[in-house]
Amino acid sequence: MICPDRWSSRHVLPAFLVSLVATLAGCGGSSTTPPIDDRVPVLSVPIVDLALLTDFLPFGISLSPGRLNPTFELRTAGDTVSVRAAGPGTVINILGNPEADAEIHVRPTDAPDYLIIYDHIVSPQIGIGQSVTAGQVLGRIGPWVPGMGRTELQVNHGSGQSAVALCPRNFGTAAFNAAHDAAFGRFPARGASVCVTNSVQP
């Protein structure tokens, strides 16, 4: 596109068109609107063996009055199941939980506005600052009740008080989503979809 200030006197445009062209082309000016970072994480690997699930709490289901589930909560028939990274990223924090397990925070590769949280992990096999790949073992599933384990996958956008949890399905590959849809279908009492809503305040 030709910038308006480069047009010769033989090319005359109405003033509003000149202004529009300058705005669209950004000729010699600066925008006051910050660029939108539309990079998003990609989730390609189920974090546990979905064949072992005994329950699947969908994103957005009511956990108690006024509290919605901000995760995929996955429960298994044992507490020795490996938990894997759903996608690539860098471990930025590992927090201890009152349940004597851990919460692992991973900043996705090329998606700095997001945070992937793997909750209820025991025996972490990674450390802060370490890069992880999709499918890499992070640790073992945390205990839920005797003979059962549970873990959670949470995708946050933003940080601090402005953070919002978004349904992991929004970021899944076709294979990732198909696997979770099929696993969830084994628990019809939990509803019709892995996403009851699109976003939850964590």
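As the structure is a prediction and not an experimental result, all values here were calculated from the model.

Peer 1: Before we go on, may I ask you to explain the overall build of the protein chain in this structure?
Peer 2: For the protein chain, the count of helices and strands is two helices and 13 strands. Here the protein chain holds 202 residues, and 39% of them are scored as buried. Taking the contacts inside the protein chain whose residues are at least 6 apart along the sequence as the reference set, 62% of them involve residues at least 24 apart. For the protein chain, the accessible surface area stands at approximately 10,700 Å², while carbon and sulfur atoms represent 57% of it.

Peer 1: Just checking my understanding: could you explain the confidence of the model for the protein chain for this structure?
Peer 2: Caution applies to low-pLDDT parts of the model: their predicted coordinates are not meant to be read in detail. Of the residues in the protein chain, 81% reach a pLDDT of 70 or more, and the chain-wide mean stands at 85. Confidence drops under pLDDT 50 across residues 1–34; counting only partners more than four residues distant or on other chains, this segment forms 13 contacts.

Peer 1: Just to check I follow, could you spell out the pattern of salt bridges for this structure?
Peer 2: Opposite charge on two side chains permits them to pair, given that their charged atoms come into close proximity. In this structure the tally under the stated criterion is six salt bridges. A salt bridge links Arg150 to Glu99; the shortest N-O distance between them is 3.7 Å. Of this pair, Arg150 sits in strand E11 (residues 149–157) while Glu99 sits in the loop between strand E6 (89–96) and strand E7 (102–108), and the two are 51 residues apart along the sequence. Accessibility expressed as a relative area gives 40% for Glu99, which makes it partly exposed. Two residues, Asp181 and Arg169, come together in a salt bridge whose shortest N-O distance is 2.5 Å.

Peer 1: I tried to follow the packing of aromatic side chains on my own but got confused; where do I start?
Peer 2: The description of two aromatic rings rests on the distance between their centres and on the angle between their planes. Taken as a whole and assessed by the stated rule, the structure comprises three aromatic pairs. Geometrically, the ring pair formed by Phe56 and Phe72 is edge-to-face, given 5.3 Å between the ring centres and 70° between the ring planes. Placement of the pair is Phe56 in strand E1 (residues 53–57) and Phe72 in strand E4 (residues 72–76), with a sequence separation of 16 residues. On the numbers, 5.2 Å between centres and 80° between planes, the contact of Phe56 with Phe184 is edge-to-face. A residue pair is termed long-range when its members are at least 10 positions apart, and Phe56 in strand E1 and Phe184 in helix H2 (residues 174–184) qualify at 128 residues.

Peer 1: Explain the state of the cysteines here, please?
Peer 2: Simply put, the disulfide is a covalent bond whose two ends are the sulfur atoms of two cysteines. Evaluation of the coordinates by the stated rule reveals one disulfide. Bridging Cys167 to Cys195, the disulfide has an S-S length of 1.8 Å. Between Cys167 and Cys195, the S-S dihedral sits near -60°, and the bridge is therefore left-handed. Remark: Cys195 occurs in the loop between H2 and strand E13 (199–200) and Cys167 occurs in the loop between strand E12 (164–166) and H2; sequence separation between them is 28 residues.

Peer 1: Please explain the environment of Asn177 as it appears in this structure.
Peer 2: As for its position among the elements, Asn177 is in helix H2. Overall, the relative accessible area of 10% leaves Asn177 in the buried class. Considering only alpha carbons, one finds Asn177 and Ser44, 133 residues apart in sequence, at a separation of 8.5 Å. Excluding residues that lie within four positions of it along the chain, Asn177 makes contacts with Arg169 and Gly172.

Peer 1: What should I look at first to understand the pairing of E6 in this one?
Peer 2: Working note: regular strand, side chains alternate between the two faces of the sheet. Taken together, the seven bridges between E6 and E7 define a ladder with antiparallel strand orientation. Its bridge partner being in E7, Thr90 is matched across the sheet by Arg107. Once E6 ends, the chain turns through five residues before running back antiparallel as E7, passing Ala100 with a positive phi of about 65°.

Parameters at a glance
Counting restarts for each chain, with residues numbered from 1 along the sequence as it is written. Given that the model is predicted, a residue must reach a pLDDT of at least 70 before its local features are reported, and side-chain atom pairs must reach 80 or more before they are shown or counted; all residues, however, enter totals for whole chains, interfaces and linings. Processing note: side-chain calculations cover all non-hydrogen atoms of the structure and skip hydrogens and water entirely. Helix numbers and strand numbers start at the N terminus; a helix is a DSSP run of H or I with at least 4 residues, a strand a run of E with at least 2. Relative accessible area decides the class of each residue, using a 1.4 Å probe on protein chains only: under 20% of the type maximum gives buried, over 50% gives exposed, and in between gives partly exposed. Contacts: residue pairs with any heavy atoms within 4.5 Å of one another. Areas reported here follow the Shrake-Rupley algorithm with a probe of radius 1.4 Å; residue values treat only the protein chains shown as occluding. A score between 0 and 100, pLDDT records how confident the predictor is in each residue. Put simply, a salt bridge is a Lys or Arg side-chain nitrogen that is within 4 Å of an Asp or Glu carboxyl oxygen. When the centres of two rings from Phe, Tyr and Trp lie within 6.5 Å, Trp using its six-membered ring, the rings pair. Their planes under 30 degrees apart give stacked, over 60 give edge-to-face, and anything left gives tilted. A pair of cysteine sulfur atoms is labelled a disulfide when the two atoms are within 2.5 Å. When DSSP finds two or more bridges between two strands, those strands count as paired.

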